[in-house]
Amino acid sequence: MSTESTDTAGTGTGPRRPSDERWTGISFATRMATVDFRVGRRAHITVDADVCRGCTTRACVTACPADLFAPTSDGGILFNYEECFECGTCYMVCNHEGAISWTYPDGGQGVVFRRG
Amino acid sequence: MPEPTTPEAGRFDAVVVGAGPAGAAAALELARAGRSVALLERGPFPGSKNVYGGVVYGRVLDQVLPRWWEEVPVERWVVRRSTMVMTGHQSLSVDYRCQTWGEAPYNGMTTYRSRFDPWLAGKATDAGARLVTSTVATGLLRDPSGRVVGVRTDRDGAELHCDVVVACDGVNSFLAKEAGLLPRAAAEHHTLGVKEVLALPREVIDERFGVGNGEGADIEILGCTRGIPGGGFLYTNADTVSVGIVVSVRHLAASGVRPEELIADLKAHPSIAPLLRGATVEEYGAHLIPEGGYDTIPELAADGLLVAGDAAALTLAAGLWLEGVNFAIGSGLAAGRAAARAVAAGDCSAPGLASYRADLQSQFVLADHKRFRQAPGLVLSERVQGRYPALICDLVESLFTVTNPTPKPGGLRLTVNAARRNGVKLRELAADTLRAARTFG
């Protein structure tokens with residue numbers, strides 16, 4: 001488990017503090033590096049890019065706490081399953097039936113929370 | 001940490017899916033009643049998929065084990081319970097302290113789910129339940145009449161047959177969805193909790209939070225989510241602090257604000273930043289919470305199937321009271337007892353399992369939910385979320401800002417001014433006060 005603490009490339013938009021308090025705005029990569037994932041070979045979540053091209057809300061892009069949904073230049077959505085918290089937010093907020101196919105990773109794989 | 005074990009061919013009296021607090025409690029009661037029970041867990045160990053705010057209210061554990069507090073894996077015993085209302089530059093705290101909460105039989109404790117859940121599952125295995133980790137229940141098995149008679153697993157498609165399945169498979173419960181008990185997705189009834197666990201030396205936590213000897217603090221926060229319905233929290237563990245936000249997923253998605261930005265806001269707030277200065281992030285995590293309350297609790301039984309814990313939407317999010325693990329344990333114990341009775345009676349049909357709901361109604365699990373059924377709507381309403389935090393802070397600020405030589409105005413005048421400044425009509429304030437009295441009275 002990583003315990004990296006400071007990174008000036010913060011993604012937070014809260015008020016910036018003086019430099020001795022940089023810990024308030026760690027980078028997203030640093031944040032995700034603290035989490036233990038046992039990545040399986042099977043993608044447990046798939047996204048139908050054809051359905052996503054017609055989507056204007058892009059709720060998954062905003063709400064996914066692991067920031068795994070990336071809009072592509074052709075209007076689709078790219079999804080990385082490897083660092084998924086398996087929370088279910090993406091399919092809950094998606095308003096296009098069938099756009100996101102969601103299952104659990106295979107037994108023993110996926111996220112392993114130590115401080116949950 | 002238990003090594004993954006392979007399910008045996010054969011049948012059990014009951015299969016419990018999910019070894020969180022609900023599932024462990026259900027398996028415990030079934031095993032204590034002498035029933036054969038398999039407890040399936042999709043993670044490598046119980047608790048590995050779980051994230052919660054941070055406090056377990058342990059009174060329900062009196063049903064599990066006398067003097068459980070002598071062995072439970074605790075981080076700190078909560079002796080300070082603060083409710084904080086804030087704006088970007090203001091905050092008002094109501095801080096309650098109770099030293100007897102730091103003594104047996106205790107009230108609330110902070111603990112990590114990676115330690116608490118294995119401990120509770122261990123009580124079930126000690127009683128004779130068979131824990132099977134790293135195994136996903138991928139679907140329900142049914143007989144020709146539609147009755148649930150087992151589960152399919154992802155262990156080479158192995159099937160486990162039984163008289164009754166207890167679905168404790170969490171907020172996304174695919175088993176309850178497959179059985180038609182839960183809707184496929186209901187964003188409006190779910191919140192997203194996002195949490196950072198920040199490392200600080202134990203003595204620094206003791207000093208900053210005014211505690212010692214294993215005592216801890218619990219701070220619940222309103223007004224820190226940029227108007228997105230929800231709230232924030234801060235809990236002390238032994239040598240870490242859990243800080244996070246809980247927000248309506250539907251409103252979060254519509255806001256365009258990323259969840260980690262809300263945590264960054266909270267951590268940078270002048271009332272919170274000094275408590276966390278110098279801390280290093282140890283883990284980031286997120287989880288959905290079923291916060292719809294009583295009116296969104298599904299049917300709890302079908303032929304051969306019971307549902308408990310988050311799978312049954314039993315988290316209580318009633319403003320002042322934010323409880324989930326105790327509701328999971330309470331419902332799991334009741335489900336295990338009902339399942340054991342039904343197996344013994346040879347009738348695991350929905351009517352044969354009906355004692356489960358009656359049991360929950362006679363105790364806190366459904367009684368509290370019914371009493372506070374209006375709470376989610378009030379707590380997450382636009383005025384409570386978007387206007388009252390600033391109204392309250394402005395009112396207190398005007399009370400304590402000395403404006404000499406201008407004489408002090410009266411309290412009513414200050415209230416009217418604070419309400420007006422925040423776009424709240426007195427009629428609305430009166431209506432909401434009445435509504436709050438009805439909701440919590």
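Residues numbered from 1 in each chain as written. Chains lettered and ligands numbered in written order. Predicted model: local features only at pLDDT ≥ 70, side-chain atom pairs only at ≥ 80, totals over all residues. Heavy atoms only, no water.

To continue, consider the overall build of chain A. Assigned secondary structure in chain A consists of 4 helices and 6 strands. Counting from the amino terminus, helix and strand elements in chain A follow one another as α-β-β-α-α-β-β-α-β-β. Every one of the 116 residues in chain A was classed for burial, and the buried ones make up 50%. Across chain A, contacts joining residues at least 24 apart in sequence account for 57% of those joining residues at least 6 apart. (Helix = DSSP H or I, 4+ residues; strand = E, 2+ residues; numbered from the N terminus. Buried < 20%, exposed > 50% of the residue type's maximum accessible area, 1.4 Å probe, protein only. Contact = heavy atoms within 4.5 Å.)

All right, on to the interface of chain B and chain A then. Taken residue by residue, the interface counts 62 residues in chain B and 52 residues in chain A. Carbon and sulfur atoms make up 55% of the surface buried where chain B meets chain A, a total of about 4,800 Å² over both sides. The tally of links from chain B across to chain A stands at 6 salt bridges. Here B:Lys49 and A:Glu86 are joined by a salt bridge, their closest N and O atoms 3.1 Å apart. In this structure, the connection of chain B to chain A is made through 23 residue pairs in polar contact (both at pLDDT 80 or more). Those elements that provide at least two residues to the side of chain B that touches chain A are helix H2 (113–126), helix H3 (174–178), strand E11 (190–199), helix H5 (249–255), helix H6 (259–268), helix H7 (273–276) and strand E15 (280–290) of chain B. Here the side of chain B that touches chain A gets 9 residues from one element, more than from any other, and that element is E15(B). Of the residues assigned to the side of chain B that touches chain A, the class counts are 28 nonpolar, 15 polar and 19 charged. (Buried area = accessible area lost by both parts, 1.4 Å probe. Salt bridge = Lys/Arg side-chain N within 4 Å of Asp/Glu carboxyl O. Polar contact = N/O pair within 3.5 Å; in protein donor to acceptor, adjacent residues only side chain to side chain. Nonpolar A, V, L, I, M, F, W, Y, C, P; charged D, E, K, R; others polar.)

Now for the pattern of salt bridges. Residue and element names in this part refer to chain A. With the rule as written, the count across this model stands at 32 salt bridges over all chains. In this structure, the salt-bridge partner of Arg114 is Asp36, at a minimum N-O distance of 2.9 Å. Remark: Asp36 occurs in strand E1 (residues 36–38) and Arg114 occurs in the segment after strand E6 (110–112); sequence separation between them is 78 residues. Judged by relative accessible area, which is 26%, Asp36 ranks as partly exposed.

Attention now goes to unusual backbone geometry. Across the junction of B:Ala104 and B:Pro105, the peptide omega takes the value 10 degrees, indicating a cis bond. With respect to the element layout, B:Pro105 can be found in the loop between strand E5 (91–97) and strand E6 (108–110). Residues B:Asn404 and B:Pro405 are joined by a peptide bond in cis, for which omega reads 5 degrees. Tracing the backbone through its elements, the reader meets B:Pro405 in the loop between helix H13 (388–400) and helix H14 (411–421). A positive phi angle, near 55 degrees, is found at A:Asp67, a position not held by glycine. Residue position: A:Asp67 is located in the loop between helix H3 (59–63) and strand E3 (69–71). A positive phi angle is found at B:Arg226, which is not glycine, with a value near 50 degrees. Among the secondary structure elements, B:Arg226 is positioned in the loop between strand E12 (215–222) and strand E13 (230–236). B:Arg226 sits in the partly exposed class, given a relative accessible area of 40%.

Let's shift gears to the confidence of the model for chain A. Note: predicted coordinates in regions of low pLDDT should not be interpreted at a detailed level. Residues and elements named next belong to chain A. Here chain A shows a mean pLDDT of 82. Residues at 70 or above account for 78%. Looking over chain A, one finds the lowest element-wise mean pLDDT in helix H2 (residues 49–53), namely 89, and the highest in E6, namely 98. Here residues 1–23 scores under 50 on pLDDT; set against residues more than four positions off or in separate chains, the count is 48 contacts. (pLDDT = per-residue confidence, 0-100.)

Residues B:Phe116 and B:Val151 are the most contacted members of the largest nonpolar core, which totals 87 residues. The leading source of residues in this core is helix H8 (residues 325–345) of chain B, at 12 residues. Apart from the residues within four sequence positions on either side, B:Val151 is in contact with B:Val15, B:Val17, B:Leu40, B:Ala137, B:Gly139, B:Leu140, B:Leu141, B:Ala158, B:Glu159, B:Leu160, B:Val165 and B:Leu175. Core analysis: the next-biggest nonpolar cluster, separate from the first, contains 70 residues, A:Cys60, B:Val194, B:Ala253 and B:Ile272 among them. (Core = buried A, V, L, I, M, F, W, Y, C linked by side-chain atoms within 4.5 Å.)

All names here are of chain B. Model confidence for chain B is summarised by a mean pLDDT of 96, while 98% of its residues fall at 70 or above. With pLDDT under 50 throughout, residues 1–7 is counted as low confidence; its partners more than four residues away or in other chains account for 20 contacts. Both scores are available for the predicted complex, with the pTM at 0.93 and the ipTM at 0.94.

All names here are of chain B. Inspection of the secondary structure assignment puts Thr439 in helix H15 (residues 426–440). Engagement of the side chain of Thr439 in a polar contact is seen with the backbone oxygen of Arg435, the distance being 2.7 Å. Once residues within four sequence positions are removed from consideration, Thr439 is found in contact with Arg371, Phe372, Gln374, Ala375 and Leu378.

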